[in-house]
Amino acid sequence: MSQPVPVIHLENVTKRYPLSDGEFYQSLNGITLSIHTGEFVAIMGPSGSGKSTTMHIIGALDTPTTGKYLLKGKDISSYTDDQLAEIRNQEIGFVFQSFNLLSRTTVLKNVERPMMYAGIPQEERTKRAMAALELVRISEKANNLSNRISGGQIQRVAIARAIVMNPSIILADEPTGNLDTKTSHEIMTYFQNLNKEGKTIVIITHEEEIAQFAKRIIKIVDGKIVSDKKK
Amino acid sequence: MEYKEIISSALQALRRNILRTSLTMLGIIIGITSVILIVSIGKGAVAFITNELSSFGTDYFQINPGNSTFSSLAGTNTLTLDDVEAIREDSSLTNIKRVAPMALSNSIVTANDIKKSVSITGITSEMQEILRPDILYGEFFNEDHDRSAERVALLGVDVAEDFFGEETDPTGETIRIKDSTFRVIGVTESSSALAGSVLNNAVYVPINVAFNEIIGEERIQEIDVSVHDTEQINQTIEDVELLLRDRHDLDEGDESDFQIQSAQDILTTVQTITGLLTTMIAAISGISLLVGGVGVMNIMLVSVTERTKEIGLLKAVGAKEKDILTQFLVEAVVMSLSGGIVGIILGVGGAFLVSLVANIPFVIDIVAIIIAVGVSTLVGIVFGLYPARRAARLSPIEALRYE
Ligand SMILES: Nc1ncnc2c1ncn2[C@@H]1O[C@H](COP(=O)(O)OP(=O)(O)O)[C@@H](O)[C@H]1O
Ligand SMILES: [Mg+2]
């Protein structure tokens, strides 16, 4: 039986950033990695090891310096900025550590935003946004301004926005980094539930305890994968 | 595109910094206000003069002694009744309808036991057709009065009220001007907004009587000449000028010792002045709009920097360059257009106040308002474009990493 095409396939990906003195900083040192539909992956590693860089490349926010990146089998390394924007809009859902929402905009409008860029009509936008908010049990805050809700609630709204376009993969960069332990566990439970429903999820964390919610743990040190274990 | 959404988020962004937004709009507000104000006032002034002229008619011109408007007031005495007669008698001046000389003076008038200083105007019957007053009581002078030395007087309506009270017919009463007794034969009222207060505050007597009994010499302040054909008025003016220069023994190159001005000239002068003023103010407000535009650009650049992370987030969730460009451009346009609208409101309001105070018609110039809306939109687009492009071209990771 042939393997199905992975959602994410990185092959020997490197990333170099130019520094101001004319030197380069090698952030990724040849990453090779496949992630399939339905997986729940945690990427771990010390600060500065290249976790976020990896996520930016997987999330089509940045392109590799060398190596190949296939998203659902398509090589997107030569896409234009606008084509990448469309990929992010259709295929990727992001949850960041902080600055996830437009603060003077309502929760509902924040969740509707990706659908606005996709050209989905207003009525359907509202319907789908409300359904997504329902899934993370925060629909009663739909009309609150985003700066009037708590940190845990903000992350739930960000999750709702990440799933609302029904993307191929949900990427979360330290989603619990600003939360207390209890709220962190609550958020991770939401990710777990989404994964049970078939969503593919990649989260980045440096906390072992948080990583334990995932089904596969990849460790990166100095821009290289040092371990990759499935539970 | 989702303009409703984009405009409402632009308004939100601008409201967040309401003081900064208002200060930025100031240049545009000042520019637009001054243009709307001056255009409205200019149009009001022209409408006012046009209206004035239509109450007197445009079919006449006036001759004053001396070579400036002020010399007739200063008592220059270069026009005579013989000049008047010469213009009347010249058979080649076929376009001329009436020639009406006027003499001005001030004198103590006594009537009904009241004593007041009143302006006395010596005129002839021909003046009726030029001043076109309403006759409230009695009648105007006729040709017999022009020739005889009979001491008769017409009262302006304000003078009549001062001496005899409101709604009273003083016809047949007598008044004393200086040392002579005059019989009142009528009361007149001018509806002119500009000249009415002067015309209604005067006592009119036949011009010969004025020279003999009141002024003591022949001194003409103005000759009003009406014509049959207004189209030919400039030719007639030239002919009269030649005739008078000839009579006054002026050589070629000598300056005339009188001035001729037609009603049309006055309108043209007013139009020239308001046109000039409008151009000047337009230039000044152009500078103000430029400064306003640079202000908009500056604030938009600050805003792009402040909202770098927001731009990163929007790009992460799928905003394309054009989406970000549109959002920031709309914000710049909303800001400058709001300034423009405030300017229009202030300008129209100011013009309304000026029209009340100066007693001129209130004119709203739709074209000026449309141009103001267009110009302020354009300022937003032109000066918002550079910051908006900068925002649109930010790389998403740079924007997300920005601290
Ligand atoms: N745009 C950039 N320019 C220069 N250096 C960068 C850039 N992005 C990341 N880096 C560097 O690359 C290294 C890895 O960064 P990152 O992937 O953010 O690490 P982390 O594992 O903490 O998420 C860090 O040392 C960081 O300073
Ligand atoms: Mg990181």
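Residues numbered from 1 in each chain as written. Chains lettered and ligands numbered in written order. Predicted model: local features only at pLDDT ≥ 70, side-chain atom pairs only at ≥ 80, totals over all residues. Heavy atoms only, no water.

S.K.: What's the story with the sheet that holds strand S3 (residues 40-44) of chain A in this structure? I'm lost.
M.R.: One key point about sheets: their strands pair by backbone hydrogen bonds, in either a parallel or an antiparallel sense. All names here are of chain A. Pairing within the open sheet is mixed, and its 6 strands lie in the order S6-S7-S8-S3-S9-S10. At either end of the open sheet lies a strand with only one pairing partner, and these are strand S6 (92-95) and strand S10 (224-230). Mean inter-strand twist for the sheet, computed between neighbouring axes without regard to direction, equals 15 degrees. Pairing of S3 with strand S9 (residues 216-221) involves 4 bridges; the strand directions are parallel. Directly across from Ile43, in S9, lies its bridge partner Ile218. (Pairing = 2+ DSSP bridges. Helix = DSSP H or I, 4+ residues; strand = E, 2+ residues; numbered from the N terminus. Axes fitted to C-alpha atoms, helices over the stretch in contact; angles between N-to-C directions.)

S.K.: Explain the domain arrangement of chain B here, please?
M.R.: A common way to state how big an interface is: give the accessible area lost once the parts meet. Here the domain parsing of chain B yields domain 1 (3-51 + 272-401) and domain 2 (79-256). Placing the centre of domain 1 of chain B and that of domain 2 of chain B at their C-alpha centroids yields a distance of 56 Å. (Domains from an automatic or database assignment.)

S.K.: Got a minute to help me understand the nonpolar core in this structure?
M.R.: As a rule of thumb, nonpolar side chains are buried together in soluble globular proteins. Membership of the largest hydrophobic core comes to 72 residues, with the highest contact counts inside it found for A:Ile8, A:Leu10, A:Tyr69, A:Phe94, A:Leu171, B:Ile324 and B:Phe328. Ranked by residues supplied to this core, first place goes to helix H13 (residues 321-358) of chain B with 9 residues. Ignoring sequence-local partners within four residues, the contact set of A:Phe94 consists of A:Met55, A:Gly59, A:Leu61, A:Arg88, A:Ala158, A:Arg161, A:Ala162, A:Leu171 and B:Ala316. Formed by 45 residues, the second largest nonpolar core is a distinct cluster that contains B:Val157, B:Val159, B:Ile220 and B:Leu243. (Core = buried A, V, L, I, M, F, W, Y, C linked by side-chain atoms within 4.5 Å. Buried < 20%, exposed > 50% of the residue type's maximum accessible area, 1.4 Å probe, protein only. Contact = heavy atoms within 4.5 Å.)

S.K.: How should the packing of aromatic side chains be read in this particular structure?
M.R.: Where two aromatic rings form a pair, the distance of their centres and the angle of their planes describe that pair. On inspection of all chains with the given rule, the structure shows 3 aromatic pairs over all chains. Between the aromatic rings of B:Phe140 and B:Phe141, the centroid separation amounts to 5.9 Å while the plane-to-plane angle is 65 degrees, which identifies the pairing as edge-to-face. With respect to class, B:Phe140 is no different from B:Phe141; both count as buried. Ring geometry for B:Phe352 versus B:Phe362: centroids 5.0 Å apart, planes at 75 degrees, classification edge-to-face. Taken as a pair, B:Phe352 in helix H13 and B:Phe362 in the loop between H13 and helix H14 (366-393) lie far apart in primary sequence, 10 residues in all. Take B:Phe362: its relative accessible area is 35%, and that puts it in the partly exposed class. When the ring centre of A:Phe24 is taken as reference, the NZ or CZ atom of A:Arg16 above it lies at 4.3 Å. (Phe/Tyr/Trp six-rings, centres within 6.5 Å; stacked < 30°, edge-to-face > 60°. Lys NZ or Arg CZ within 6 Å of the ring centre and 35° of its normal.)

S.K.: Would you mind showing me how to read the side chain of A:Lys15 here?
M.R.: Residue and element names in this part refer to chain A. Among the structural elements, Lys15 can be located in strand S1 (residues 8-18). In this structure the side chain of Lys15 is engaged in a polar contact, spanning 2.8 Å, whose partner is the backbone oxygen of Thr63. Each residue touching Lys15, except ones within four places of it in the same chain, is listed here: Tyr25, Gln26, Ser27, Leu28, Thr53, Ile57, Asp62, Thr63 and Thr65. (Polar contact = N/O pair within 3.5 Å; in protein donor to acceptor, adjacent residues only side chain to side chain.)

S.K.: What am I meant to see in the pattern of salt bridges here?
M.R.: Close approach of charged atoms lets side chains of opposite charge pair. Residue and element names in this part refer to chain B. On inspection of all chains with the given rule, the structure shows 30 salt bridges over all chains. For Arg88, the salt bridge is made with Glu126, and the minimal N-O distance between the two is 2.7 Å. Here Arg88 is found in helix H4 (residues 81-89), whereas its partner Glu126 is found in the loop between strand S3 (114-123) and helix H5 (127-131), with 38 residues between them in sequence. The class for Glu126 is buried, based on a relative accessible area of 15%. (Salt bridge = Lys/Arg side-chain N within 4 Å of Asp/Glu carboxyl O.)

S.K.: Any chance you could explain the interface of chain B and chain A here in plain terms?
M.R.: Counting residues at the interface gives 24 residues for chain B and 27 residues for chain A. Taking both partners together, chain B and chain A bury about 2,400 Å²; carbon and sulfur atoms supply 60% of that area. In this assembly, chain B and chain A are joined by 4 salt bridges. Among the salt bridges present, the one from A:Lys109 reaches B:Glu5, with a minimum N-O distance of 3.2 Å. Viewed at the interface, chain A and chain B are joined by 6 residue pairs in polar contact (both at pLDDT 80 or more). Secondary-structure elements contributing two or more residues to the side of chain B that touches chain A are helix H1 (3-16), helix H12 (308-316), H13 and helix H15 (396-401) of chain B. Within the side of chain B that touches chain A, the residues separate by chemical class into 10 nonpolar, 4 polar and 10 charged. (Buried area = accessible area lost by both parts, 1.4 Å probe. Nonpolar A, V, L, I, M, F, W, Y, C, P; charged D, E, K, R; others polar.)

S.K.: When you look at the pairing of strand S6 (residues 174-177) of chain B in this model, what are you seeing that I'm missing?
M.R.: Within a regular beta strand, the side chains point alternately toward one face of the sheet and then the other, so they alternate between its two faces. Residues and elements named next belong to chain B. Every second residue of S6 is oriented toward a common face, the buried set being Ile175 and Ile177 and the non-buried set Thr174 and Arg176. The sheet contact formed by S6 and strand S7 (residues 180-189) spans 4 bridges and is antiparallel. Bridge pairing in S7 links Ile175 to Phe182. Between S6 and S7, which pair antiparallel and follow one another directly, the connecting turn spans 2 residues, one of which, Lys178, has a positive phi of 55 degrees.

S.K.: When you look at the site of ligand 1 in this model, what are you seeing that I'm missing?
M.R.: Lining the immediate surroundings of ligand 1 are 13 residues, of which A:Gly48, A:Lys51, A:Ser52, A:Thr53 and B:Arg401 lie closest. Residues within reach of ligand 1 are spread across chains A and B. The side chain of A:Ser27 places a nitrogen or oxygen atom 3.4 Å from an oxygen atom of ligand 1. Between ligand 1 and B:Arg401 there is a distance of 2.8 Å, counted from a nitrogen atom to a side-chain nitrogen or oxygen. Within the complex, 77% of the 560 Å² of free accessible area of ligand 1 lies under protein. Looking at the shell around ligand 1, the elements with two or more residues in it are strand S2 (24-35) and helix H1 (51-58) of chain A together with H15 of chain B. (Near = heavy atom within 4 Å. Areas by Shrake-Rupley, 256 points an atom, 1.4 Å probe, with all protein chains shown as cover.)

S.K.: What's the story with the packing of H13(B) against H14(B) in this structure? I'm lost.
M.R.: In a pair of packed helices, the angle between the axes and the distance between the axes together describe the arrangement. All names here are of chain B. The geometry of H13 relative to H14 is characterised by a closest axis approach of 7 Å and an angle of 150 degrees between their N-to-C directions. If you check the angle between H13 and H14, you find them roughly antiparallel. When you trace H13 past H14, the crossing you get is right-handed. Its residues placed into classes, the contact of H13 with H14 shows 18 nonpolar, 6 polar and 3 charged. (Parallel < 35°, antiparallel > 145°, perpendicular 65-115°, else oblique. Left-handed = near helix turned anticlockwise from the far one by under 90°.)

S.K.: Before we go on, may I ask you to explain a nonpolar patch on the surface in this structure?
M.R.: Residues and elements named next belong to chain B. Side chains of Phe352, Leu353, Leu356, Val357, Phe362, Ile364, Ile366 and Ile370 sit close together on the surface and give an oily, nonpolar patch of about 820 Å² of accessible area. The set of elements that each furnish at least two residues to the nonpolar patch consists of H13 and H14. Of the residues forming the nonpolar patch, the biggest block, 4 residues, is contributed by H13. (Patch = residues over 30% accessible without salt bridge, like charges linked within 9 Å, V, L, I, M, F, W, Y side chains within 5 Å.)

S.K.: Where do I start with the packing of helix H3 (residues 107-117) of chain A against helix H4 (residues 122-135) of chain A in this structure?
M.R.: Residues and elements named next belong to chain A. Their axes nearest at 9 Å, the elements H3 and H4 cross at an angle of 120 degrees. When the interaxial angle is binned, H3 and H4 end up oblique. Note that H3 runs across H4; the crossing there is right-handed. Facing H3, whose interface residues are Val107, Leu108, Lys109, Val111, Glu112, Met115 and Met116, H4 presents Gln122, Arg125, Thr126, Arg128, Ala129, Met130 and Leu133. Partitioned by chemical class, the residues of the contact of H3 with H4 number 8 nonpolar, 2 polar and 4 charged.

S.K.: Got a minute to help me understand the sheet that holds S1(A) in this structure?
M.R.: All names here are of chain A. Across the sheet, which stays open at both edges, the 4 strands sit in the order S2-S1-S4-S5 with antiparallel pairing between neighbours. Every interior strand has two partners, whereas the edge strands, S2 and strand S5 (74-75), have only one. Direction of pairing for S1 relative to strand S4 (residues 66-71): antiparallel, over a ladder of 5 bridges. Along S4, the bridge assignment pairs Thr14 with Thr66.

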